[in-house]
Amino acid sequence: MSKDLLLEIGTEEIPAHAMPGLLQELGERAEKALGELRLAHGGVRTLGTPRRLALIVEGLAEKQADVAEEKRGPSVQVAFDAAGKPTKAAEGFARGQGVKAEDLVTRDGYVYALVQETGEPAEKVLERLLPELICDLPLPNSMRWGDLDFRFIRPLRWLVALYGEEVVPFELARVKSGNTSRGHRFLSTGDFTIQDAAHYEEACEEAFVIVDPARRKALIEQGLAEEAKAHGGTAEITPDLLEEVLYLVEYPTALAGRFEEKYLALPPEAVITPMRDHQRYFPVKAADGSLMPLFLTVRNGGAEYLQTVQHGNERVLRARLADAQFFFDEDRKKSLEEHLEKLKTVVFQEGLGTLYDKSLRLEELAGRIADALGASAAEKKAAQRAAKLAKADLVTGMVMEFTELQGVMGKEYARLDGEGEEVALAVDEHYMPRFAGDELPQTKAGIIVSLADKMDNIVATFSRGLIPTGSQDPFALRRQALGLVNSIIKAELSLSLVDLVSWAMDLLALTEVKAREKMQTDVADFMRLRLKNVLGEAGIRYDVADAVLGDIDDIGRVMLAAKAVQEQLSAPDTAKAVQSFVRAANLAAKAETAEIDESLFETDEERELMKAYTSAKSAAESLLEAHDYVGAIDDFKDLADPIDAFFDGVMVMADDVAVRRNRLALLKAIDNLLLQVADFSKIVQG
């Protein structure tokens, strides 16, 4: 008869950010281990609060499944001597499998041992498994306490291990497992007894612990919504803050507080950031989207003395907002441009000047990018102005106190200075995306400054030999490169990566020829990996990605070409054409030149292929210029039959050196044309 299993790991408060990962790992590792141990079971789920990680396995079998397995040993010739008696090799194999040598069976020229293993009772298996699960959990960070060598994310305080109603006995870090858990620190009477897994959540709730994160989350959302509605507003609940609060409380109660309306005169983010990022409060918005002089928070406790809790939170927020008001007032004594002077005191990177120097580089680089993209005079002016001002807010009091506001306060100060909306937005957008999944810049000026800033950062850091390796990326260059790639693709820009890198090197005064060549190679390789990830996320086949990643100078072209190739591969005539393209590419690799001398043609097949190539090249020019790669591939397919006829009727590697070189040059010219879309030799034929 099966029984439910409960494991609860009781600790000091675990950091909120670590909880989701720990719960996921606990569930996945338990399910995998039970499968490997041949213990049948039903559903597996995890529950948790800041002070506990819990695992529940439903319907866990009472014993391991028995297993009978044949193990192959040495060959018959090795296992038995001439008289048919077992050799030492056979006896050693049998002994290792726990059987007698005379019980070995022969088949297919080998000896086999039939190994039968009777399953152990679940209780015995769990005594070993449960402490291993705890010890093997991957931790974002760990600690030791007392004189123990044991490490965990926080000190262990209690362990509950129940199989049915029976305790699974084991000891870890001088803590013995039992059936006793601990309730809420302040609301409960202390320890409480758990009967079995089925009564676990109920017993916890009686001790003022809502152990199911899903239910706790629903209570928090409901409480926040009700409090906001009661005050005539709507709670602005961001997923990251909600998840953090979820794992900070065991028994949630929402409450509202107020702050002085005078602080609403500050830019909204200057109020929301101290509220949300520093105090973990939820802002409240009015029907028109404006910020109300209210905040919501979640108490780890019941509804008693809420007014006292409210006043305490109001007092803390009041101090933070007073700081914000002070820094804002001090910052506004100068224009954003006047703050630029202070950037001369801030080093950008060792040996690469100051942030002021970087601002001047960005201004120039933004201008070159604007010209390359065909931006209007107004767009170029806005981009260069935003580039110059982009880093100025880093030395303002507001950003030095609330670093999360970099770019945001630059945008607000630019607006107040009358710089224009496009300039203001670009100052903020040039940091985008700030994290995985964040928005990309939307305005033309914002995109230009973002590309300039990211490429300057990449080239500058690479010039110091600090190319990210393994998991080490202290300057977040991978994220910036990914943002650069996604921005180009989303905005459908056509921009030379070689030019972009070259301009950045010029402005950084990197003049040594070999160093510049290595920089181009290093940056291209770095960007190629980011681009490959983007293609994979877009559903592009790995072989198609490899086919289009040879030349990534035009990043936007790569995505369009990949989609076109993948689309065309489903067409019935594409497979045959690809085979022909690969035949041409294989011999084209031997060509010394792509210069063709038609006077050296000796056969009609050569002339017909030349005619087909000339026609395809002429038609492809306008298609490639318009980035119509589907049309270009359709055009290329007309080369397939002439290529096949050429190989059937012509000896490419002729004895005459000039003729041979000319035939290879024709194939090389065709391959060069095809490579403007993809290297079809990389395509895996089904």
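What you see as residue numbers is a count from 1 along each chain, following the sequence as written. Given that the model is predicted, a residue must reach a pLDDT of at least 70 before its local features are reported, and side-chain atom pairs must reach 80 or more before they are shown or counted; all residues, however, enter totals for whole chains, interfaces and linings. Side-chain metrics rest on all non-hydrogen atoms present in the structure, leaving aside hydrogens and water.

The criterion, for reference: UniProt positions are given in the numbering used here, feature names are shortened, and annotations may be inferred rather than shown by experiment.
In the annotation of an unreviewed UniProt entry, the entry for the protein reads Glycine--tRNA ligase beta subunit, and the organism field reads Selenomonas sputigena. Here is the UniProt Sequence similarities (unreviewed entry) comment for the protein, exactly as written: "Belongs to the class-II aminoacyl-tRNA synthetase family." Recorded under Subunit (unreviewed entry), the UniProt text for the protein is reproduced unchanged: "Tetramer of two alpha and two beta subunits."

Here's the deal with helix H6 (residues 213-230)
Quick reminder of the rule: Per the convention used, a helix needs a DSSP run of H or I reaching at least four residues, while a strand needs a run of E reaching at least two, with both numbered from the N terminus. Residue count minus one, scaled by 1.5 Å, sets the expected span of a helix. Accessibility here uses a 1.4 Å probe with only protein chains present; expressed as a share of the type maximum, an area under 20% marks a residue as buried, one over 50% as exposed, and anything in between as partly exposed. As used here, the arc is the angular range of directions from the helix axis to the C-beta atoms.
Helix length check: H6, at 18 residues, gives a terminal C-alpha distance of 26 Å against a target of 26 Å (1.5 Å per residue), a fit within 8%. For H6, the set of buried residues is Pro 213, Arg 216, Ile 220, Gly 223, Leu 224 and Ala 228. Each buried residue of H6 sits inside an arc of 125° when the element is viewed along its axis, so together they form one side. Of the residues in H6, the exposed ones pointing more than 90 degrees away from the buried face are Ala 214, Lys 229 and Ala 230. Trailing H6 by a residue or two, Gly 232 shows a phi angle of about 80°, which is positive.

Focus on the nonpolar core
What counts, and what does not: Nonpolar cores are built from buried Ala, Val, Leu, Ile, Met, Phe, Trp, Tyr and Cys residues. Side-chain atoms within 4.5 Å join them into one set. Any two residues whose heavy atoms approach within 4.5 Å at even a single point are treated as in contact.
Core analysis: the largest hydrophobic core is formed by 132 residues, its most contacted members being Ile 369, Met 398 and Met 527. With 11 residues, the top contributor of residues to this core is helix H15 (residues 444-463). Met 398 has contacts with Ala 270, Ala 324, Phe 327, Phe 328, Asp 331, Leu 405, Met 409 and Tyr 413, leaving out every residue within four places of it along the chain. Counting residues in each nonpolar core, the second largest holds 58 residues, with Leu 22, Leu 129, Phe 170 and Leu 294 among its members.

A short note on the packing of helix H1 (residues 19-36) against helix H4 (residues 122-136)
We count it as follows: As a rule, the C-alpha atoms of each element are fitted with a line to give its axis, helices using only the stretch in contact, and angles between N-to-C directions run from 0 to 180 degrees. Every angle not falling under 35 degrees, over 145, or within 65 to 115 is termed oblique; those three ranges are roughly parallel, roughly antiparallel and roughly perpendicular. Crossings are sorted by hand: turned counterclockwise from the far helix by less than a right angle, the near helix makes the crossing left-handed, and turned clockwise it makes it right-handed. For this scheme, ten residues count as nonpolar: Ala, Val, Leu, Ile, Met, Phe, Trp, Tyr, Cys and Pro. Four count as charged, namely Asp, Glu, Lys and Arg, and the remainder, Gly too, count as polar.
Here H1 crosses H4 at 140°, and the two axes come no closer than 11 Å. Here H4 runs oblique to H1, going by the angle between their axes. Crossing of H1 against H4: the hand is right-handed. Of the residues in H4, those touching H1 at Arg 29, Ala 30, Ala 33 and Leu 34 are Leu 129, Leu 133 and Asp 136. Taken together, the residues of the contact of H1 with H4 sort by class into five nonpolar, no polar and two charged.

Remarks on the side chain of Ser 188
This is how it is decided: Pairing of N or O atoms within 3.5 Å defines a polar contact, subject to two protein rules: one partner must be a possible hydrogen donor and the other a possible acceptor, and residues neighboring in sequence count only if both atoms are side-chain atoms.
Relative to the elements of secondary structure, Ser 188 occurs in the loop between strand S11 (180-182) and strand S12 (191-193). According to the relative accessible area criterion, Ser 188 is buried, its value standing at 17%. Here His 184 takes part through its backbone oxygen, which lies 2.6 Å from a polar atom of the side chain of Ser 188. Among residues more than four places away in sequence, those in contact with Ser 188 are Gly 183, Ala 207 and Phe 208.

Description of the packing of aromatic side chains
How we decide: Note on aromatic contacts: the rings of Phe and Tyr and the six-membered ring of Trp form a pair at centre separations within 6.5 Å, being stacked when their planes are under 30 degrees apart, edge-to-face when over 60 apart, and tilted otherwise. In this scheme, Lys NZ or Arg CZ marks a charge over a ring once it lies within 6 Å of the ring centre and within 35 degrees of the ring normal.
One pass over the full model with this rule turns up nine aromatic pairs. Taking 5.4 Å as the distance between ring centres and 80° as the angle between the ring planes, the aromatic pair formed by Phe 208 and Tyr 251 counts as edge-to-face. Of this pair, Phe 208 sits in the loop between helix H5 (200-206) and H6 while Tyr 251 sits in the loop between helix H7 (239-246) and strand S14 (252-258), placing them 43 residues apart in sequence. By relative accessible area, Tyr 251 is classed as partly exposed at 23%. In this structure, Arg 107 is placed above the aromatic ring of Tyr 112, and the distance from its NZ or CZ to the ring centre is 4.3 Å. Of note, Arg 530 hangs over the ring of Phe 526, and the distance from its end group to the ring centre comes to 4.7 Å.

Some details on the UniProt feature "domain: DALR anticodon binding" (unreviewed entry) in the protein
UniProt's entry tags residues 578-683 with the feature "domain: DALR anticodon binding" (unreviewed entry), counted in the numbering of this structure. Regarding residues 578-683, the helix share stands at 66% and the strand share at 0%, and the terminal C-alpha atoms are separated by 8 Å.

Describing a negative patch on the surface
The condition is simple: A residue counts toward a patch only above 30% relative accessible area and without a salt bridge, and it is joined to like-charged neighbours within 9 Å or, for Val, Leu, Ile, Met, Phe, Trp and Tyr, to nonpolar neighbours within 5 Å. Working definition of accessibility: Shrake-Rupley area with a 1.4 Å probe, residue cover restricted to the visible protein chains. Salt bridges are counted wherever a side-chain nitrogen of Lys or Arg sits within 4 Å of a carboxyl oxygen of Asp or Glu. Charge convention: Lys and Arg are scored as positive, Asp and Glu as negative, and His as well as the terminal groups of each chain are ignored. Lys charges are placed at NZ, Arg charges at CZ, Asp charges at CG and Glu charges at CD.
Residues Glu 62, Glu 123, Glu 165 and Glu 166 make up a contiguous surface patch of negative charge. Inspection of the secondary structure assignment puts Glu 166 in strand S8 (residues 166-167). The exposure class of Glu 166 is exposed, given its relative accessible area of 52%.

What about the sheet that holds strand S15 (residues 282-285)?
For clarity, the threshold we go by: For two strands to be treated as a pair, DSSP must find at least two bridges joining them.
The four strands are arranged S13-S15-S16-S14 in an open sheet whose pairing can be described as antiparallel. Each end of this open sheet is capped by a strand with a single partner; those strands are strand S13 (234-235) and S14. As paired strands, S14 and strand S16 (residues 291-300) are joined by seven bridges and run antiparallel to one another. Within the sheet, the bridge partner assigned to Arg 258 lies in S16 and is Leu 294.

Some details on the environment of Gly 367
Along the polypeptide, Gly 367 turns up in helix H10 (residues 355-372). With relative accessibility at 4%, the residue Gly 367 sits in the buried group. Between the C-alpha atom of Gly 367 and that of Lys 381, which follows or precedes it by 14 residues, the distance is 7.9 Å. Excluding its chain neighbours within four sequence positions, the residues that come into contact with Gly 367 are Lys 380 and Gln 384.

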